[in-house]
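Listed below are the residues making up each chain.
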Amino acid sequence: MGGTGEDEEVVAQLSVGNASFWVSDESPPNKNFSPESLGGSTVRLLLIVEDPHSVVERAVALGAAEAEAEAEASQVEEEHGWLLGRIEDPFGHRWEIGKPLAEWPPSQASTT
């Protein structure tokens, strides 16, 4: 928790590129729980960026951890047609940071 004695919870609006979203501290009375309390996250977060290598490296430099123990901190691999890296932020949220290596979403012709 990062608030003050008068206002304990912190809520922030963040943006990545043209997308914005809200985050807040854990608030059990409002049924908002942290991954730390739950022993893991209930969501999968995928951030699509042009250069996954540099974003993963920057996230690790700013306090994120490798999401998989055997991976190197700056490791980004090709997987399922994507270039992906995985990190865990200091609050326990697991992120995939990547970009598709082919047209995304796939066209109707390639899915039939």
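Residues numbered from 1 in each chain as written. Predicted model: local features only at pLDDT ≥ 70, side-chain atom pairs only at ≥ 80, totals over all residues. Heavy atoms only, no water.

Report on the overall build of the protein chain, specifying residues and quantitative values.
When helices and strands are tallied, the protein chain shows 3 helices and 7 strands. Along the protein chain, helices (α) and strands (β) appear in the sequence β-β-α-β-α-β-β-β-β-α when read from the amino end. Considering only intrachain contacts with a sequence separation of at least 6, the fraction spanning at least 24 residues in the protein chain is 35%. Approximately 8,300 Å² of the protein chain is accessible, and the part contributed by carbon and sulfur atoms is 51%. (Helix = DSSP H or I, 4+ residues; strand = E, 2+ residues; numbered from the N terminus. Contact = heavy atoms within 4.5 Å. Areas by Shrake-Rupley, 256 points an atom, 1.4 Å probe, with all protein chains shown as cover.)

Describe the pattern of salt bridges, listing the residues and the values that go with them.
Counted according to the given criterion, the structure contains 4 salt bridges. In this structure, the salt-bridge partner of E96 is R44, at a minimum N-O distance of 2.8 Å. Here E96 is found in strand β7 (residues 94-100), whereas its partner R44 is found in the loop between α1 (35-38) and β3 (45-48), with 52 residues between them in sequence. By relative accessible area, E96 is classed as buried at 10%. The partner of E50 in a salt bridge is K99, and the shortest N-O contact between them spans 3.4 Å. Taken together, the positions of E50 in the loop between β3 and α2 (52-61) and K99 in strand β7 put the pair 49 residues apart, joining distant regions of the chain. Residue class for E50 comes out exposed when judged on its relative accessible area of 65%. Beyond isolated ion pairs, a larger network of salt bridges with shared partners links R44, R86 and E96. (Salt bridge = Lys/Arg side-chain N within 4 Å of Asp/Glu carboxyl O. Buried < 20%, exposed > 50% of the residue type's maximum accessible area, 1.4 Å probe, protein only.)

Pulling in residues and values, what's your account of the confidence of the model for the protein chain?
Confidence in the prediction for the protein chain averages 80 pLDDT; 81% of positions are at 70 or higher. The spread of mean pLDDT over the elements of the protein chain runs between helix α3 (residues 108-111), the lowest at 61, and α2, the highest at 92. Note that residues 69-74 has pLDDT below 50 and, in this model, 8 contacts with residues that lie over four places away or in other chains. (pLDDT = per-residue confidence, 0-100.)

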